[in-house]
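Residue-level listing of the chains:
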Amino acid sequence: MDLLFYERREEEKERKKKIKKKKKKRRKKEKKDFRRFLIIRVQVLANSAIATILVVLVAKMTGGKERCLDTKESTLITGLIGGIIGHYACCNGDTWSSEIGMLSNAQPRLITTFKTVRKGTNGAVTVEGLLAAAAAGFVIGLTYVIVGLLTVECAHDVIWRQLLVIPVAAAAGLCGSLIDSLLGATLQFSGYCTLRKRVVGKRAPTVVKISGMSILDNNAVNAVSVLATTLLTSVACLYIF
């Protein structure tokens, strides 16, 4: 009888341990999912907040009507639209250059020293990646021009000048990628973990520094490069259009 009682008590203990272990595992997963959710939200804000503000401003000023880039009609609206184009050219350029650059067989080089570094190092560039950034900006510019030609009514000479958006956007894509890489190489830490055998972005006893300081994280680098490209493209459009 005592033996049976003891066995049941042990089974109950084991059952409670399993339940406790499952709850702990569930809480850990929930925390991880919430952290991933926050990271995605921050990434979305870093890559869309500025353009969203500019789009709202343009919509308020134009009453929702499409407008061509023309400083003679409105300097402010031309600058704002130029900023929106630069913003998306930069974001698209960063994405294309990162993804295509990682697929390149060429060894990436750090933009500040041009020394070869491991793939995944912040601030490392390849020729293919830079060309991809320019191509990504080109696509943004081409899309703007095609949609504009189909939806906006402007003077004949103004319409043809809109074609200049294509090279401007291509330059913005490349410029944004270069700014992003420069910031990544100088203000964002990169190191090689001898334990995990990969490039990491945080300091640790097993991490050998490759480049950069621990001042900005990836989201901050994206936000600063997007802001800089937005401003530069806006100013360029004021001079060109």
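Just above sits the structure.
In this report, we go over the structure that sits alongside the text. Computed from a predicted structure; not experimentally measured. Here, residues in each chain are numbered from 1, in the same order as that chain's written sequence. Under the rules for a predicted model, residues below a pLDDT of 70 receive no local features and side-chain atom pairs below 80 are neither given nor counted, while totals for whole chains, interfaces and linings still include all residues. To obtain the side-chain values, all non-hydrogen atoms of the structure were used and water was disregarded.

1. As for the pattern of salt bridges
Part 1: Salt bridges are defined as contacts in which a side-chain nitrogen from Lys or Arg sits within 4 Å of a carboxyl oxygen from Asp or Glu. For the structure on display, the rule yields two salt bridges.
Part 2: Here Glu73 ties to Arg67 by a salt bridge, and the two come within 3.0 Å at their closest N and O atoms.
Part 3: Here Glu73 falls in the partly exposed class, since its relative accessible area comes to 46%.
Part 4: Arg161 serves as the salt-bridge partner of Asp70, at 3.5 Å between the closest nitrogen and oxygen. A 1.4 Å probe rolled over the protein chains alone gives each residue an accessible area, and that area as a share of the maximum for its type sets the label: buried under 20%, exposed over 50%, partly exposed in between.

2. A short note on the packing of helix H3 (residues 127–151) against helix H5 (residues 165–187)
Part 1: Simply put, an axis is a line fit to the C-alpha atoms, just over the touching stretch for a helix, and the angle between two N-to-C directions goes from 0 to 180 degrees. The helix and strand labels rest on DSSP assignments: H or I over at least four residues marks a helix, E over at least two residues marks a strand, and numbering proceeds from the N terminus. It is at 7 Å that the axes of H3 and H5 come closest, and there the two elements cross at 145°. The chirality of how H3 crosses H5 is right-handed. Residues Leu130, Ala133, Ala134, Gly137, Phe138, Gly141, Leu142, Tyr144 and Val145 of H3 touch H5, and the partners they reach there are Val165, Ile166, Ala169, Ala170, Gly173, Leu174, Ser177 and Leu178.
Part 2: Of the residues assigned to the contact of H3 with H5, the class counts are 13 nonpolar, four polar and no charged. Rotating anticlockwise by less than a right angle from the far helix to the near helix defines a left-handed crossing, while the corresponding clockwise rotation defines a right-handed one. Whether two residues touch is decided by their heavy atoms; if any such pair falls within 4.5 Å, the residues are in contact. The classification used treats Ala, Val, Leu, Ile, Met, Phe, Trp, Tyr, Cys and Pro as nonpolar, Asp, Glu, Lys and Arg as charged, and all other residues, Gly among them, as polar.

3. A word on the layout of surface pockets
Part 1: Using a grid of 1 Å spacing that covers the protein atoms alone, one calls a set of points a cavity when a 1.4 Å probe fits there but cannot get out, and a pocket when the set is open and has protein on both sides within 12 Å along at least five of seven lines; lining residues are those with an atom within 4 Å of a point. Grid points are joined across faces, edges and corners, and a volume is the space filled by probe spheres set on the points. Taken as a whole, the largest pocket holds about 960 Å³ of empty space.
Part 2: Every residue lining the largest pocket is counted, 33 residues in all, and those nearest its centre are Gly120, Thr121, Asn122, Gln188 and Asn218.
Part 3: Elements with a minimum of two residues in the lining of the largest pocket: helix H2 (75–103), strand S2 (124–125), H3, H5, strand S4 (198–200) and helix H6 (218–240).
Part 4: Ranked by residue count, the leading element in the lining of the largest pocket is H2, at five residues.
Part 5: In terms of residue class, the lining of the largest pocket is made up of nine nonpolar, 17 polar and seven charged.
Part 6: In this structure, the second largest pocket occupies an estimated 540 Å³ of space.
Part 7: Residue lining of the second largest pocket: 23 residues in total, with Glu66, Arg67, Ile81, Tyr144 and Val147 positioned closest to the centre.

4. What to know about unusual backbone geometry
Part 1: Phi at Phe114 is positive, roughly 65°, even though this residue is not glycine.
Part 2: With respect to the helices, strands and loops of the structure, Phe114 is situated in the loop between strand S1 (109–110) and S2.
Part 3: Even without being glycine, Lys197 reaches a positive phi, approximately 60°.
Part 4: Residue position: Lys197 is located in the loop between strand S3 (190–193) and S4.

5. Describing the side chain of Asp70
Part 1: As for its position among the elements, Asp70 is in the loop between helix H1 (2–62) and H2.
Part 2: Using a relative accessible area of 10% as the deciding quantity, one classes Asp70 as buried.

6. So, the packing of H5 against H6
Part 1: Relative to each other, H5 and H6 sit at 145°, their axes nearing to 9 Å. Handedness of the crossing formed by H5 with H6: right-handed. Between H5 and H6, the residues in contact are Val168, Ala172, Cys175, Gly176, Ile179, Asp180, Leu183 and Gly184 and Val221, Asn222, Val224, Ser225, Ala228, Thr229, Leu232, Thr233, Cys237 and Ile240, respectively.
Part 2: Of the residues in the contact of H5 with H6, the class split is 11 nonpolar, six polar and one charged.

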